[in-house]
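# Structural overview for review
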Amino acid sequence: MNRIAELATVIDRHIVGTGICTTAIPHVSLIRADAPSTPTPAVYEASICLIAQGSKRVSIGEHSVVYDAAHYLLVSVDLPLVGHVLDASPEQPYLCCKVDLDRAMLADLMVSEGGAVPRTDLPVLGVYPSDPDLVDAACRLVALLDRPETIRPLAPLIEREILYRLLTGPHGPMLRHVATAGSHLNQVSRAIATIRHRFDAPIRIDDVAAEAGMSPSSLHAHFKAITRMTPLEFQKQLRLQEARRLMLAQGATASAAGFAVGYESPSQFNREYRRLFGAPPRTDIERLHATPEAAMAL
């Protein structure tokens, strides 16, 4: 059995039903879909996504990429993307392993390696041909779920190997910029973390910029260049996605969900929700309950 087929087998063994599930391994999630899904906005954490079976399209603005078992997706910073599964069925489900990037471990690897950080114009969202060494490492990482007692001592070692292979791969220069203090990518990444941490409260761009170590004008320009959104638009999307989750998973009403994420006006919440998700809150949630695959975010 080749390693990608083995990865599919291991993922299938450890995920019940459809959707995304966290695992006992820190930073590792498994995803399954039994049918193609509708385009769904979501914020993707900085991560590598390795599909073992099926395919998926993700987009940011007008930029769109497709990845499958022969290509992996690398997201260098948290990004607001629109994704949907293209190829999946009950007999041949979409199966994916997602590993979130540990920034501290990435920085430590860079220090160990040394060397200058090269200039790069690589995109923060990229798809690359499958790397047998990456697939092998991912397979070994997920297989630790078969023996939970091995996770604590071995998972960090395999995760470090995955990050090393990314740093020395085609996307390495971009990851080095993200992990380098003082770079615009690093500063925008910090701004994103600040907004995500308190997305349900009013934010002042001056405060976010100060925490990121940038001027407000520089933050606005570089933030939009990287995420295709302004900081306030990014916050709005975070609010609406969390409101959607509250209604879908916890049965919250539209008004309660809107208030919980920081909206004071129900009409404004309904209007902005419909603009992002294509339907009013109640209609959208009814559709998601009827077709669970439509809620696939990763």
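Model, not experiment: these values are computed from the prediction. (Residues numbered from 1 in each chain as written. Predicted model: local features only at pLDDT ≥ 70, side-chain atom pairs only at ≥ 80, totals over all residues. Heavy atoms only, no water.)

### Section: the overall build of the protein
When you go through the protein residue by residue, the secondary structure sums to twelve helices and ten strands. Computed over the C-alpha atoms, the radius of gyration of the protein is 19 Å, within 12% of the 19 Å expected from 2.2 N^0.38 for a compact globule of 298 residues. Seen through its principal axes, the protein has C-alpha atoms that stretch 55 × 50 × 35 Å. The buried share of the protein, reckoned over its 298 residues, is 48%. Taking the contacts inside the protein whose residues are at least 6 apart along the sequence as the reference set, 73% of them involve residues at least 24 apart. Of the accessible surface of the protein, which amounts to about 13600 Å², a share of 55% is contributed by carbon and sulfur atoms. The averaged location of the 32 negative side-chain charges in the protein is 5 Å from the averaged location of its 29 positive side-chain charges. (Helix = DSSP H or I, 4+ residues; strand = E, 2+ residues; numbered from the N terminus. Rg over C-alpha atoms; globule rule 2.2 N^0.38 Å. Buried < 20%, exposed > 50% of the residue type's maximum accessible area, 1.4 Å probe, protein only. Contact = heavy atoms within 4.5 Å. Areas by Shrake-Rupley, 256 points an atom, 1.4 Å probe, with all protein chains shown as cover. Lys, Arg positive; Asp, Glu negative; His and termini not counted. Charge placed at Lys NZ, Arg CZ, Asp CG, Glu CD.)

### Here we look at the state of the cysteines
This model, assessed by the stated rule, comprises zero disulfides. Cys-49 carries a free sulfur, and the closest cysteine sulfur to it, the one in Cys-96, is 4.7 Å from it. Residue Cys-49 is classed as buried on the basis of its relative accessible area, which comes to 1%. No disulfide involves Cys-139; its sulfur sits 9.4 Å from the nearest other cysteine sulfur, which is in Cys-97. (Disulfide = S-S within 2.5 Å.)

### Here we look at the environment of Ala-212
Within the secondary structure, Ala-212 sits in helix α7 (residues 205-212). A relative accessible area of 0% means that Ala-212 is categorised as buried. In this view, Ala-212 contacts Gln-187, Arg-190 and Ala-191; residues no more than four positions away in its chain are not counted.

### Points about helix α4 (residues 151-167)
For α4, with 17 residues, the first-to-last C-alpha span of 23 Å sits near the 24 Å given by 1.5 Å per residue. When we look at burial in α4, the residues that qualify are Ile-151, Ala-155, Ile-158, Glu-159, Ile-162, Leu-163, Leu-166 and Leu-167. On its buried side, α4 packs onto β4 (47-53), β7 (71-75), β9 (94-100), α2 (103-113), α3 (132-143) and α5 (172-179). (Expected span 1.5 Å × (residues − 1).)

### Overview of the pattern of salt bridges
If you walk through the whole model with that rule in mind, you get 24 salt bridges. The salt bridge involving Glu-45 is made with Arg-196; its shortest N-O contact spans 3.7 Å. Of this pair, Glu-45 sits in the loop between β3 (40-44) and β4 while Arg-196 sits in helix α6 (residues 184-197), and the two are 151 residues apart along the sequence. A residue is classified by how much of its surface remains accessible, and Arg-196, at 26% relative accessible area, is partly exposed. One network of salt bridges, with partners in common, ties together Arg-3, Glu-6, Asp-133, Asp-136, Arg-140, Glu-161 and Arg-165. (Salt bridge = Lys/Arg side-chain N within 4 Å of Asp/Glu carboxyl O.)

### Brief notes about the sheet that holds β3
Strand order across the open sheet formed by four strands is β3-β8-β5-β6, with antiparallel pairing between neighbours. Strands with a single pairing partner mark the edges of an open sheet, and in this sheet they are β3 and β6 (63-68). Strand-to-strand, the axes of this sheet are offset by a mean angle of 35 degrees, without reference to chain direction. Pairing analysis gives five bridges linking β3 to strand β8 (residues 79-87), with the strands arranged antiparallel. Looking across to β8, one finds that Thr-40 is bridged to Gly-83. (Pairing = 2+ DSSP bridges. Axes fitted to C-alpha atoms, helices over the stretch in contact; angles between N-to-C directions.)

### Side note on the environment of Leu-167
Mapped onto the fold, Leu-167 is located in helix α4. A relative accessible area of 3% places Leu-167 in the buried class. Separated by 141 residues in sequence, Leu-167 and Pro-26 place their C-alpha atoms 20 Å apart. Residue contacts for Leu-167: discarding those within four places in its chain leaves Leu-106, Leu-109, Met-110, Glu-113, Gly-172, Leu-175 and Arg-176.

### Description of the pairing of β9
Counting buried residues in β9 gives seven out of seven residues, a clear majority hidden from the surface. Alternating residues of β9 divide into Tyr-94, Cys-96, Lys-98 and Asp-100 and Leu-95, Cys-97 and Val-99, and every residue in both groups is buried. For strand β2 (residues 28-33) and β9, the ladder comprises six bridges, and the chain directions are antiparallel. When the bridges of β9 are listed, Ser-29 appears paired with Lys-98. The sheet contact formed by β4 and β9 spans six bridges and is antiparallel. In the sheet register, Leu-50 faces β9, and the bridge partner there is Cys-97.

### Side note on helix α9 (residues 231-250)
Look at α9: 28 Å from first C-alpha to last across 20 residues, which is about the 28 Å you get at 1.5 Å a residue. Along α9, the residues classified as buried are Pro-231, Phe-234, Gln-235, Gln-237, Leu-238, Arg-239, Leu-240, Gln-241, Ala-243, Arg-244, Leu-246 and Met-247. Phi turns positive one or two residues past the end of α9, at Gly-251, with a value near 75 degrees.

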